[in-house]
Structures are given as structure tokens and as C-alpha cells.
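Tertiary structure, described
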Amino acid sequence: MMDRILFGDNQFLGVNHQDPAKASDDLARFSETKNILEVLGYAYDAGIRSFVFTHHPRFDEPFREIRRNNLYPDLKLYPCLPYAHKYNDLLSSEPAIKVLFKEIRKVRATRVLNAARAVLSADIWRLISALVSAEVDAARFPRIDGLFLQNVATDLALGFGQAAGLASLTNLLRDSIGVELGFITMNHGRLTSELLEHGVNRPLICSSINVAGYRMNPAKSQVEDSIRANESDNIAMSVMVSGIIDPERAVEYVCGLRGVNSILFGSSKENHIRSFVELVKKFDQLHSH
Amino acid sequence: MLVGGGKMGLSHLAIVNSLPDTRISCVVDRSPFIRFIYRRLGFAAVKSLENNDRVLETADAVLIASPTVSHYPLALTCVQAGLPFFVEKPLTNNYETSLDLANRPIEKGIPAIVGYVNRFNSSFARCREIIADGRLGSVTKYDNTMLGAVANKKSVTSDSWRFDTSRGGGCLLDYGPHALDLGQYLFGSYDQVTKSSLQRKYSSKADDIVDASLVHANGIRGDVLLDWSRSDVRKANNEISIDLEGARVKVTKELIEVESDVEAAELEIDRGKNIIRPTISDSNVFYYLRGEEFSRQLEYFLAAVTQTETDGYSAFSAATLHDGAEVDRIISEIQTRSSD
């Protein structure tokens, strides 16, 4: 079971869907390792013990520091793969087959057999599993407690009618890396029902859930129904829509929605992190009575 | 049917395939590897449309997402066959061939649209309505910028076509279509380019920075700045600052900022500073892959193909072949003027 509050990384990567100026400031500020470590420290001190992050070169150095100095020893790490922009950039300039072979060559010696089998059998999902394993090996995360598939990848596969492939990927990765795979998606209802259909028991799903209904496709009410159905473990992201929604209202909504197991949020300010944690405690208590 | 199984093709297929009662009948791609992958994923795939009349006959509509050089012959095939088509931007990168396509008679009711996706972003669409409404006065001038981080010391050393103008690369050909179409979408058709310069920063065979001044048919003047060599930007973004008689407006994909001298209750604009976020209030799409606008433009196209009523789309208008040809004309004028 995942923690109730998970710390996210949008601020570190300069991602802000509503405020390009803040995004640009963050992009510069968090090019420095010490600034990332400092903010992770705020979250840790506020009692947060899970960090969900995009696999991105920006975290290489902070993770080296964490390993070297055994910082935040109880902080669980959940990388989100693949780093979509990397593949996007690669595919903009090179043919797909070149990219594939370049990436698959990075696979670790112990996994060569798996990778070779994937290539020979031309089983796309074995191939993707080999690519993901290679990416995880090369990254040398200080630890790994779970893995998420980025929404572009999840939703692309879903659009291709490959829910069975996504289901098999959860098994392949459990075998090769030994962790559970969760899915980030912008299409909660459809993904959940198709994964269930293909035998995934209580799929772990992270999606946009907020009082404004932002990015809850095809409609807010349908996503709420899918969450309340209680057939998946649900992580709410974009709860404040990049800071547009008042935190009190945002947290009240998401804590009040039955079926939301965890809340993913990011911030670069110590007081915001603390008050968010307090708000979640307050509304959870309210709803437990 | 989808022509071109590359990056854009992947995205179009995933979206179209997720809409109700819509399936991709066949993927056309020259690469054997790409065809192999699509077949493994359960789609029919062929090398080309030549000598493949059956493939055309079984399709109700065509999505063209192949390299730009192939757009003209493919679009022409669709025009001649009377098939609805959606062609990725830019239309052909060549004004004469684009104009030839635009001038061909197309049977009424057969949609032919160019994939200028920003038109389906609700922030730009709302901004267009605000300008057209007239309550904030006429536009006096505007600045149209697009900044991104494609070119840097390292990336330009690759042998990629992206950094070679002779192979269709460079900032003008890459960013130009996006920004220039937004310009005509918001301010009407162009008259001409009055000034332009193409500069290099990192690339040796392509432009990295484009600076141009334009005048529209209605007399509105604007400046365009395209720069894909900015390290301080994570993702390419368009920003347009507009001076109107009664307000200053700044629009991005995310929001519209209005500093207004007048109150316009009908537009929900107060005197002073206003922030409007249309992308929050109407963000939902039937199937989301990578931005609402990508889903919306295909939903719009397919609704036009099947002649379904689309009450949700009244605010949006796709780029026609004429719009596509206009962008190609302005790009070539920018090139010619800068070498003067």
C-alpha cells in the first residue's frame, strides 16, 4: 500500500501547466542539486516518506548525494518511466529502429538473455519490458519501491488497443525488477476497466483528480464513478491544478472522494508543504468520523 | 487510413482509434520496421498507395502524417478520389504546390483540413473571440513569439535533418508554421512581409533565430520572433502580446492576461488586470493523449467526416487548405526578404 501523501517533482523540472513564468524560474533554480535536496528535506521533515519522480538527468546528481551521505534514509522512491522527452527528441531526429537498437544495447549483462529473447520473438511487450529494465539499471536509483508508466506511454498503448500488453508488462517487470508497476493516465475509466478485463487485480492508477474537473476525461463525473467503484488503488494528482485552486478547497474535495488512496503533490516552498500535509490530516480526520 | 506511422502518426492513431465507432483501417509507411511494428500491434500496413486502389477504396477518410515532401501527392490523391483528409502542418512547404491544392475544386461537404493544432487550444480560441468581439477596440499592433530549446551546442552537432535547411530543417520551417498560422488565425489573412532576418547561433546549416515584421490585409501590423536556441525554456511555447485600443492582451497556451481600460461584462472582463483560463473550464476530451487540442482537432475532423453535429466545437475552426497555403507563402517571403 502506498503512503497517503506522495511528493512529486514538477517543480524540480520546471513543469507548471498554468504559469510559464514560474516554470521558467523553477527550471533555473533546480538546476542546482543543493536546491533540490533542500526542498526534498522540507518534505521529509514534514513527514512525507515517498518521492514520485520522472526519470530525468536532473536527478542524477541529487541521487548520488543521497546515496553517498545516506540522506533521507526512509524516503521511498518511485520513478516514472520512460522519460518521454528523451524519446521524443530522439525520434525527432533518428529513425525508430536506430533508437530502439541504441537503447536496447544499454541493457545489463544479466538481462542480455531476456533482451535477446524479446528481439528474437519480436514480442513488443517483452521488448518494452527489456527497455524499461535497461533504463532502470542504467539510472542507478538509490532504491526503488515501485515504478510508474508515464501517461503518454500508458495512454498511447491504451489507444493502440494494447491493454493486454500493459497487463503483461506488470508481470514482466515484477519478474525482472521485482517491483509493482503503476500507471499514470488521463483516461481513468477506460484504463481501469480494460486492465481489470485483462486480469490485473486492483491496478495502481495515478490520474488527475481535482475539484475543477481539470483533465478528468471524458468527464469529471465519469472519473469519480470509476474511482468510487473501488476496483483500483487510486492516486490523485493535479489536485490543485498547478496552484490555481485554493488548497483548502482542493484538499477537502480529494479527501472527501471515497476511493482515493494517495495524494501526489509537489511544491518548492516549506510552508506550503507543511500546510498541505496539515490540511490532508485535518480532512482525513473529518471524514473518518 | 493513416499515412505515415512516425511520431505524429502514432499519436493520431491512438486518438482516432479511441473515438467511438472509428478504427484505423490501414497504416501506410515506407519503413519495413514501422510496418512490422504496426502489424505486430494488429493493424494492416502497406508500403505505399501506388497500385493499392483497394486500400483507398476501403477508407472513409485519410490522415496524412508522413514527411512534408510527400504531402502534395498524397493530398492530391485524396482530392481526386473525393476522400476527406487531414494533413499535418505545414501543408507542403512550397507556396505553388500548396496553392495548387487549395485551388482545386473540392466537393462541398468533404472536409480537407491542415493540422494547425493550436487552433484547437481553448486559450487561443477564446482570445480570438475576445478580439473579434470588438468591445476592447481594434488591434493596433502585436508581438508573436515562439521560444524553445531545440538547438544547443550539443544538439546541432548531430547529423539530423532538423539542423539543415536544405533538408527541411531550421527554426523558420520548424517553428514558423505554428506561429504564423496563429497570427492569421487571430488577426486575419496576411498581406506581406515588410522586414525579416534569419540568424544562426549554434547551427551551421540552418537558422536558429527568425525576426520578421508583417502586415495583414486589414492593415494590422505585427512582429514575429522565433528562437529555438533558448536554454531557459523547457518546452516550446507560443506567446502573443496584443495592443488593442482599449486593452493590452497577452495569450499563451495556458492563459489569457488582459489589462483593460474598459469594462466588458459580456466578455467577463473587468477594468484593470484579468486572468482568464479557458483551458481549465473546458478541458475535457473524449480521449486524452498529449494535450486537449490534439484530441479535439481529430474529434472535430471526424465529426465533419461523419457530418455529426458538434455543439462543443462552435468556438473552434480548423485551418483550410487556403490557410495552409498562406503560411507557406509567408514563410517563403520571410526567406526571400532576409536574403535581400
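Residues numbered from 1 in each chain as written. Chains lettered and ligands numbered in written order. Predicted model: local features only at pLDDT ≥ 70, side-chain atom pairs only at ≥ 80, totals over all residues. Heavy atoms only, no water.

Description of the environment of A:Asn187
In this fold, A:Asn187 is placed in the loop between β5 (181–185) and α11 (188–197). Sequence separation between A:Asn187 and A:Met216 is 29 residues, and the spatial gap between their C-alpha atoms is 7.2 Å. Those residues in contact with A:Asn187, other than ones at most four positions away along the chain, are A:Asp155, A:Leu158, A:Asn217, B:Phe286, B:Tyr287 and B:Tyr288. (Helix = DSSP H or I, 4+ residues; strand = E, 2+ residues; numbered from the N terminus. Contact = heavy atoms within 4.5 Å.)

A few points about the nonpolar core
Ranked by size, the top nonpolar core spans 129 residues in total, and within it B:Met1, B:Phe85 and B:Ile242 carry the most contacts. Counting residues per element, this core draws most heavily on helix α7 (residues 171–187) of chain B, which supplies 10 residues. Residues contacting B:Met1, with those up to four places away along its chain left out, are B:Ser25, B:Cys26, B:Val28, B:Leu49, B:Val55, B:Leu56, B:Ala59, B:Ala61, B:Val62 and B:Leu63. Residues A:Phe30, A:Met240, A:Val260 and A:Ile273 belong to the second largest nonpolar core, which totals 52 residues. (Core = buried A, V, L, I, M, F, W, Y, C linked by side-chain atoms within 4.5 Å. Buried < 20%, exposed > 50% of the residue type's maximum accessible area, 1.4 Å probe, protein only.)

Some points on a nonpolar patch on the surface
On the surface, a cluster of nonpolar side chains totalling about 220 Å² of accessible area is made up of A:Ile97, A:Phe101 and A:Val119. Looking at the secondary structure, you find A:Val119 in helix α7 (residues 112–121). (Patch = residues over 30% accessible without salt bridge, like charges linked within 9 Å, V, L, I, M, F, W, Y side chains within 5 Å. Areas by Shrake-Rupley, 256 points an atom, 1.4 Å probe, with all protein chains shown as cover. Salt bridge = Lys/Arg side-chain N within 4 Å of Asp/Glu carboxyl O.)

Regarding the side chain of B:Ser70
Residue and element names in this part refer to chain B. Position of Ser-70 among the secondary structure elements: in the loop between β4 (62–64) and α4 (71–81). For Ser-70, a relative accessible area of 19% corresponds to the buried category. Engagement of the side chain of Ser-70 in a polar contact is seen with the side chain of Ser-66, the distance being 2.7 Å. Within the structure, the side chain of Ser-70 is placed 2.7 Å from the backbone oxygen of Pro-67, a separation counted as a polar contact. (Polar contact = N/O pair within 3.5 Å; in protein donor to acceptor, adjacent residues only side chain to side chain.)

What to know about the pairing of strand β7 (residues 233–237) of chain A
In regular strands, side chains alternate between the two faces of the sheet. Residue and element names in this part refer to chain A. The buried fraction of β7 is high, at five of five residues. With burial as the criterion, each face of β7 is covered, one bearing Asp-233, Ile-235 and Met-237 and the other bearing Asn-234 and Ala-236. Two elements, strand β6 (residues 204–208) and β7, share five bridges in a ladder whose sense is parallel. Paired with Ser-208 across the strands is Met-237, a residue of β7. Considered for its hand, the β-α-β crossover made up of β6, helix α12 (residues 220–228) and β7 is right-handed. Relative to strand β8 (residues 260–265), β7 is paired through three bridges, and the arrangement is parallel. (Pairing = 2+ DSSP bridges. Right-handed = clockwise from strand over helix to strand, strands pointing away.)

Some details on the sheet that holds strand β1 (residues 2–3) of chain B
The strands that make up a sheet are held in pairs by hydrogen bonds between backbone atoms, and each pair lies either parallel or antiparallel. Pairing within the open sheet is parallel, and its six strands lie in the order β3-β2-β1-β4-β5-β6 (chain B). Only two strands of the sheet have a single partner each, and these edge strands are β3 (45–46) and β6 (112–115) of chain B.

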